[in-house]
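Remarks on the overall topology
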Amino acid sequence: MSKKKLGLNTICTHIGEIEDQQFKGAISPIYLSTSYAYDDVEVKRYPRYFNTPNQEHLAKKIAALEHAEDALIFSSGMAAISHMFLAFLKKGDHIVVQNTLYGGTRNFIKSEFPKYGIEFTFTDGYQPSDFEKALQNNTKLIHLESPSNPLLTITDIKAIADLAKSRQIITTIDNTFASPINQNPIDLGIDLVMHSATKYLGGHSDILAGAVAGGKDHIEAIWNVGINLGGSLSDFTVWMLERSMKTLALRVKAQNKNAKKIAAFLENNKAISKVYYPGLKSHPEYKLAKGQMHDFGAMLSFELEEGIDVMAFQNQLKLIKPSMSLAGVESTMLLPAKTSHALLTEEERKEVGISDRLIRFSVGIEDVSDLKRDIKQALKHSKATTLA
Ligand SMILES: *Cc1c(COP(=O)(O)O)cnc(C)c1O
């Protein structure tokens, strides 16, 4: 059967599985060897070479899901990002990075790139003109994130890919928030797609991993750097990730469906002043999101009205957990101003649109009626009593 014809759930379940020839077991065996014979293979197998049986096979599943020729699995999302950037950037090169960006990526660029003599520009906004304005003669790479964290802005992926192609610039995207179920940037002309597999690919908040998918030549370039940097993933976790990904499409589609209902519910609630979700018609890039995504994902943010005590609301939630991370099957919430963006000054937060009343919501697979009930009772019990 050709890969193209297979449905998403079939790819998730079967692509990249290792046949158990010895015992005919139903699932992939796990190969934990760090030492392999060297007689008949061209590239010797070694976990740091990204080529153990489990690593090679799982890469096929991720490549198939991202419509890519090849992929590599890493020990974390940050390992994926750092290996990817360092494979293509050298002293004197310049990278353009979307302003609204995962905090760890921003930190990596700001604290490490000066040591390597790599120049960088953060865009002023996320419109194609903002990217164009940031380009220099020595720009080698453009990195974007859509939907972005935590305000779910949508970048015109194809427009950025076209802009970059006309100038021979490599494009990379952080596709973590969308997951390959909701968005395939390679089809829109992006060269390399990376994931924090810690999030949707893992999906159970118990795996730290990363992945990059793209064309063979680009992946080979990352591999060449990767064997020196050493950011591969242990085979035990690779095997866990393969197991988790069998339900990726099922999970993400259930989460999409829940998020859509929750977004509408929040938008119609008087205690909520604003909802950020690309699947709402009120979202400024709703049409763009509809055009470039298969579905709108399960991440959203909302702002509480002045009359609600934000901390009390969070503490009153019974089912929905406060959590730093996201994308598990369980619903979680986070206050960006107190966590991911706590190091910014109040002024800086204001500039990027993150209010102290903003809550990021990673919608899980629970029954949506239970989630709504939990939010309703928490709102009821968190009306501020000290209002002037
Ligand atoms: C979590 C995350 C990362 C970093 O991934 P780790 O697995 O924590 O290293 C990168 N990008 C986004 C959008 C993330 O949410």
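It should be noted that the structure appears before, not after, this text.
So, here is what we can say about the structure in this document.

Basis of the calculations
- Residues numbered from 1 in each chain as written.
- Predicted model: local features only at pLDDT ≥ 70, side-chain atom pairs only at ≥ 80, totals over all residues.
- Heavy atoms only, no water.
- Pairing = 2+ DSSP bridges.
- Helix = DSSP H or I, 4+ residues; strand = E, 2+ residues; numbered from the N terminus.
- Axes fitted to C-alpha atoms, helices over the stretch in contact; angles between N-to-C directions.
- Polar contact = N/O pair within 3.5 Å; in protein donor to acceptor, adjacent residues only side chain to side chain.
- Contact = heavy atoms within 4.5 Å.
- Patch = residues over 30% accessible without salt bridge, like charges linked within 9 Å, V, L, I, M, F, W, Y side chains within 5 Å.
- Areas by Shrake-Rupley, 256 points an atom, 1.4 Å probe, with all protein chains shown as cover.
- Salt bridge = Lys/Arg side-chain N within 4 Å of Asp/Glu carboxyl O.
- Lys, Arg positive; Asp, Glu negative; His and termini not counted.
- Charge placed at Lys NZ, Arg CZ, Asp CG, Glu CD.
- Near = heavy atom within 4 Å.
- Buried < 20%, exposed > 50% of the residue type's maximum accessible area, 1.4 Å probe, protein only.
- Core = buried A, V, L, I, M, F, W, Y, C linked by side-chain atoms within 4.5 Å.
- Domains from an automatic or database assignment.
- Expected span 1.5 Å × (residues − 1).
- Phe/Tyr/Trp six-rings, centres within 6.5 Å; stacked < 30°, edge-to-face > 60°.
- Lys NZ or Arg CZ within 6 Å of the ring centre and 35° of its normal.

In this section: the sheet that holds strand β5 (residues 170-174). In any sheet, the strands associate via hydrogen bonds between backbone groups, in a parallel or an antiparallel arrangement. One open sheet holds the seven strands; their spatial order is β1-β7-β6-β5-β4-β2-β3, and the pairing between them is mixed. Each edge of the sheet is formed by a strand with only one pairing partner; in this case those strands are β1 (70-74) and β3 (119-122). Shown here is a sheet whose adjacent strand axes are inclined to one another by a mean of 20 degrees, direction ignored. As judged from the four bridges shared by strand β2 (residues 94-97) and strand β4 (residues 139-145), these two strands associate in the parallel manner. Pairing of Val-97 across the sheet is with His-143, part of β4.

Attention now goes to the side chain of Asp-174. Tracing the sequence through the fold places Asp-174 in strand β5. At a separation of 2.6 Å, a polar atom in the side chain of Asp-174 contacts the side chain of Thr-176. Beyond its immediate sequence surroundings of up to four residues, Asp-174 is in contact with Ile-81, Tyr-102, His-143, Leu-144, Glu-145, Ser-146 and Met-194.

A few words on a negative patch on the surface. Taken together, Glu-346, Glu-347, Glu-348 and Glu-351 make up a surface patch of like negative charges. Mapped onto the secondary structure, Glu-346 falls in helix α13 (residues 346-351).

It is worth spelling out the environment of Leu-86 at this point. Looking at where Leu-86 falls in the secondary structure, it is placed in helix α3 (residues 77-88). The spacing of Leu-86 and Gly-231 is 145 residues in sequence and 12 Å in space, taken between C-alpha atoms. Excluding anything up to four places from it in sequence, Leu-86 contacts Phe-108, Phe-113, Ile-118, Val-225 and Leu-229.

Quick look at the site of the ligand now. What surrounds the ligand is a group of 13 residues, the closest being Met-78, Asp-174, Ser-196, Thr-198 and Lys-199. With respect to the ligand, the side chain of Ser-196 contributes an N or O atom lying 2.9 Å from an oxygen atom. Thr-198 places a side-chain nitrogen or oxygen 2.6 Å from an oxygen atom of the ligand.

Along the chain, Asp-187 turns up in the loop between α7 (179-182) and β6 (192-196). Judged by relative accessible area, Asp-187 falls into the partly exposed class, the value being 49%. Asp-187 sits 108 residues away from Ala-79 along the chain, and the two C-alpha atoms are 24 Å apart.

Time to look at the nonpolar core. Formed by 86 residues in total, the largest nonpolar core has its most connected members in Leu-300, Phe-302, Phe-313 and Ile-375. With eight residues, the single largest contributor to this core is helix α10 (residues 248-267). Taken domain by domain, the makeup of this core includes at least three residues from each of domain 1 (3-245) and domain 2 (248-380). Counting residues in hydrophobic clusters, the runner-up holds 28 residues, among them Ala-79, Met-84, Leu-86 and Ile-95.

All right, on to α10 then. Here α10 contains 20 residues, and its C-alpha end-to-end distance of 28 Å stays within 8% of the 28 Å for a straight helix at 1.5 Å per residue. Along α10, the positions that sit buried rather than exposed are Leu-248, Ala-249, Arg-251, Val-252, Gln-255, Asn-256, Asn-258, Ala-259, Ile-262, Ala-263, Phe-265 and Leu-266.

A word on the packing of aromatic side chains. Tallying each qualifying case throughout the model produces twelve aromatic pairs. When the ring of Phe-108 is compared with that of Phe-113, the centres are 5.3 Å apart and the planes differ by 75 degrees; the resulting orientation is edge-to-face. Look at Phe-108 and you get buried, because its relative accessible area is 12%. With a centroid separation of 6.5 Å and 65 degrees between ring planes, the pair formed by Tyr-277 and Phe-296 is classed as edge-to-face. Here Tyr-277 is found in the loop between β8 (272-276) and α11 (286-292), whereas its partner Phe-296 is found in the loop between α11 and β9 (299-304), with 19 residues between them in sequence. You can call Phe-296 buried: its relative accessible area is 12%. Of note, Arg-106 hangs over the ring of Phe-122, and the distance from its end group to the ring centre comes to 4.6 Å. The ring of Tyr-276 has Lys-274 lying over it, and the distance from NZ or CZ to the ring centre is 4.9 Å.

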